[in-house]
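Coordinates in review
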Amino acid sequence: MPNIDPNRTGQKKMKMPILVLGVVVLVAGLGTWGYLYSMNIHHTIQLGGLGLAVLGAVIAVGGAMMKTISVGGTTGTGQFACAKCGAKFGSEAALNQHTKDKHGM
Ligand SMILES: [Zn+2]
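Because the structure is a prediction, the values reported are computed rather than measured.

Each value, and the rule that gives it
All chains use their own residue numbering, which begins from 1 and follows the written sequence. Local features are withheld for residues below a pLDDT of 70 in this predicted model, meaning they are given only at 70 or higher, and side-chain atom pairs are given and counted only at 80 or more; totals for whole chains, interfaces and linings count all residues. Helix and strand assignments come from DSSP, with helices taken as H or I runs of at least 4 residues and strands as E runs of at least 2, each series counted from the N terminus. Our exposure labels follow a C-beta count within 10 Å of each residue's own C-beta, placed from the backbone: buried means 20 or more other C-beta atoms, exposed means 12 or fewer, and partly exposed covers the counts in between. Contact definition: two residues whose C-beta atoms, as placed from backbone geometry, lie within 7 Å. Values of pLDDT, which run from 0 to 100, indicate the predictor's confidence residue by residue.

Along its length, the chain carries three helices and two strands. If you list the helices and strands of the chain from N to C, you get α-α-β-β-α. For the chain, the residues scored as buried account for 12% of the 105 residues in total. Taking all contacts inside the chain whose residues are at least 6 apart in sequence as the whole, residues at least 24 apart take part in 53%.

Below, the discussion takes up the environment of Lys88. As for its placement among the helices and strands, Lys88 is situated in strand 2 (residues 88-89). For Lys88, a count of 15 C-beta atoms within 10 Å translates into the label partly exposed. Linking Lys88 and His98, residues 10 residues apart in sequence, is a C-alpha distance of 9.8 Å.

Turning our attention to the environment of Ile18. Along the polypeptide, Ile18 turns up in helix 1 (residues 6-39). A residue is classified by how many C-beta atoms lie within 10 Å of it, and Ile18, with 17 of them, is partly exposed. Between the C-alpha atom of Ile18 and that of Ala60, which follows or precedes it by 42 residues, the distance is 6.8 Å. In contact with Ile18, not counting residues within four places along its chain, are Ile59, Gly63 and Met66.

Confidence along the chain averages 74 in pLDDT terms, with 70% of residues attaining 70 or more. Per-element confidence in the chain ranges from a low mean pLDDT of 71 for helix 1 to a high of 92 for helix 3 (residues 92-103). Considering only residues more than four positions removed or in separate chains, one finds that residues 72-78, a stretch of pLDDT under 50, has four contacts.

The next point concerns the environment of Lys84. Structurally, the position occupied by Lys84 is in the loop between strand 1 (80-81) and strand 2. Sequence separation of Lys84 and His103 is 19 residues, and the distance between their C-alpha atoms is 7.7 Å.

Below you can see the structure in the form of structure tokens.
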């Protein structure tokens, strides 16, 4: 039986944006802060940029943790999700059967 696992890539697609969003906000915040700092703009506004960077870091860490928890929590049932409709199955055989029946693959 070929070891096709669309579930894994599907989960990555679902979890990655949180991490990516966090990194983007972090970089944007650091960039804003660095820009404002170099321009010697008012300190309160600088703190806003720094706050944005911290928020981004928190989101990134949260996203990474969620991903880790998700990976650890899916070793049991519901490990195999259909790439087409997202239905979850406890075994690869059940998923393959569903894919064949519902999606003709
Ligand atoms: Zn399906």
